[in-house]
Amino acid sequence: MPPLKLILVAGARPNFMKIAPVIHAIRRHNESGPERPIECRLVHTGQHYDEKMSDVFFRELGIPQPDDHLEVGSGSHAVQTANIMLKFEPVCLREKPDWVVVVGDVNSTVACTLVAAKLHIPVAHIEAGLRSRDRGMPEEINRLVTDAVADLLLTPSPDGDDNLRAEGVPDEKIRLVGNVMIDSLVAKLPQADACDTLGRLRLEAGRFVYVTLHRPSNVDTPESLGIIVRELKQLSKERTVVFPIHPRTRARLGEFGLDLDDCPKVRLLEPLGYLDSLNLTRHARFLLTDSGGLQEESTYFRTPCLTLRPNTERPVTVELGSNKLTTVETLAGDIAELLAKPERLGEIPPLWEGRAAERIVAELLAASPAPEPELAGAR
C-alpha cells in the first residue's frame, strides 16, 4: 500500500510543542511495521525566526530540522500571511501531499490552510474548535477561518466539539483527541527535571511567581503596562517575581519610561526554553500570564494561574483547572485572593494524559482510504 503523505506545518513558538508529539507518534507508527506507513514533511514557515524564540524549541523537543524553511520573518498580519501563502504554495504543488496538517491559531495556520484548500488538498487542524468569542484577537479570526475550511477537526476538549457543531460543522469532520500540548509536557518532564532550573536561578519551589506578558492589550499602552509594573513591584515585596521578558514587552517598558530596576526581587530574564518554562510552571506559587499554552500547562500541574485577559479560548482551564481570568483593574485583589488559597487547585481535564498524538495519527489514517489498485495493463 502506498504511504500516506503528510505536510506538517509549524510557524511560531506555540506550534512546536504541538507538532513534536505528532512527529514522534508517526515515527513509532512506522517502526511498528504498519500496513500503511506515513511519510511526513516538516515545513517551518519562519514566522518566529529568532533563535531564542524558535530554534531552541526544535532542539529541546527533538524535532528534526525542517525539510522546508520558508523564512518569512515578521511583518503586519497581512504581509506575513501573504508571504507564507506565496512560499507555501510551491511546496504543496511539488510534494502533492494527501494531507496538510496545521496546528494552533497563528498566521501560519490560516495561511497554509487557505493554500491547501484552494489546491483541493485536505486539511487537518490540530487544536480545532477553541473560541474566545473576541474577534478583536487576530488568533480568533485565524481559528474561525481555519475551522471553516478544514476537513478534519481534531479538538482538545469537548467544548471544542460544541463550538464547531454550533457553527454548523458536521459531526463526521469532528474528532475529540485530547490536548497534544500535554503530550509534549508528559514526554519532557524527566528531561525538565534534570535541568535544575530552580537551582540555576536560585529559586525555592512555591516561593516565586512566574510571569509572562506580551499581548498588545496588556503591554502596548502606558496605562495598562504601568498598572502591571506597579503590581509586580508590590508583589515583589513578598515574593520573587521571575519574568522572562518578551522582546515586545521590553521595548514598551523603555518606550513608556517604565522600569523594574529598583526591585531586586523582580528577575527580568531573556526568553526561556521549553524545559525551563515547564519547571517554572510546575514549581511556581502561581502564574501571571496572557499566554494560551501556559494556561494549559499550569492546569496540568494544578498550579494556580491568573490569566490577564478578558476571555479565554480554553474555558476548560477555568471550569476544571486552576485558571482564573483577571484584568488590570482587579489584578491586586485577585492576587491577594489567590495567595489565600491552596497551592494546588483544580483537576486535569479528560484526555489530557499524553496520548493525543497517537489518536491524531489514528484519525488521519482512518480518514484516508487506500487508493484503488490500478487495473492490470492500465496506462
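Higher on the page you've got the structure.
Since the structure is predicted, the reported quantities are computational estimates derived from the model, not experimental observations.

1. A few points about the environment of Asp276
Reasoning step 1: As for its placement among the helices and strands, Asp276 is situated in helix H12 (residues 274-283).
Reasoning step 2: The sequence separation of Asp276 and Cys195 amounts to 81 residues, and the corresponding C-alpha distance is 7.2 Å.
Reasoning step 3: Beyond its immediate chain neighbours, meaning those up to four positions away, Asp276 contacts Cys195, Thr197 and Arg200.

2. With respect to the sheet that holds strand E6 (residues 152-155)
Reasoning step 1: Taken together, the 7 strands give an open sheet; going across it, the order is E3-E2-E1-E4-E5-E6-E7, and neighbouring strands pair in parallel fashion. Every other strand in the sheet has two partners, leaving strand E3 (68-69) and strand E7 (174-176) as the edge strands with one partner each.
Reasoning step 2: In this structure, strand E5 (residues 123-126) lies alongside E6, joined through 3 bridges in parallel fashion. Residue pairing for E6: His125 is matched across the bridge by Leu153.
Reasoning step 3: Against the sheet, helix H3 (residues 77-95) contacts strand E1 (4-10), strand E2 (38-44), E3 and strand E4 (99-103), and its axis sits at roughly 165° relative to E1.
Reasoning step 4: The strands touched by helix H4 (residues 107-118) within the sheet are E1, E4 and E5, with E4 carrying the most contacts at an inclination of about 165°.

3. Some words on the pattern of salt bridges
Reasoning step 1: The final tally for this structure, using the stated rule, is 31 salt bridges.
Reasoning step 2: Close ionic contact of Asp220 with Arg248 constitutes a salt bridge, the shortest N to O distance being 2.5 Å. In this pair, Asp220 is assigned in the loop between helix H9 (216-219) and helix H10 (222-235) and Arg248 in helix H11 (residues 247-255), connecting sequence segments 28 residues apart.
Reasoning step 3: By relative accessible area, Asp220 is classed as partly exposed at 24%.
Reasoning step 4: Residue class for Arg248 comes out partly exposed when judged on its relative accessible area of 29%.
Reasoning step 5: Where Glu296 meets Arg314, a salt bridge forms, and the shortest distance between an N and an O atom there is 3.1 Å. Taken together, the residues span a long stretch of sequence, with Glu296 in helix H13 (residues 292-301) and Arg314 in the loop between strand E12 (305-308) and helix H14 (316-319) at a distance of 18 residues. Of the two residues, Glu296 and Arg314, both sit in the buried class.
Reasoning step 6: What emerges from the salt-bridge pattern is a single network uniting Lys18, Asp105, Glu127, Glu140, Arg143, Glu296, Arg309, Glu313 and Arg314.

Rules and cut-offs
Throughout, a residue's number is its position along its own chain's written sequence, starting from 1. Confidence filtering applies because this is a predicted model: local features only for residues at pLDDT of at least 70, side-chain atom pairs given and counted only at 80 or more, and all residues used for totals across whole chains, interfaces and linings. Heavy atoms from the whole structure form the basis of all side-chain values; hydrogens and water molecules are not counted. In DSSP terms, a helix is any run of H or I states spanning at least four residues, a strand is any run of E spanning at least two, and both are numbered starting from the N terminus. Should any heavy atoms of two residues lie within 4.5 Å, those residues are counted as being in contact. At least two bridges found by DSSP between two strands is the condition for calling them paired. Every angle, taken between N-to-C directions, lies between 0 and 180 degrees, and every axis is a line fitted to C-alpha atoms, over only the stretch in contact when it is a helix. Salt bridge, as used here, is a side-chain nitrogen of Lys or Arg placed within 4 Å of a carboxyl oxygen of Asp or Glu. Note on exposure labels: buried denotes an accessible area under 20% of the residue type's maximum, exposed denotes more than 50%, and partly exposed covers the range between, all computed with a 1.4 Å probe on protein chains only.

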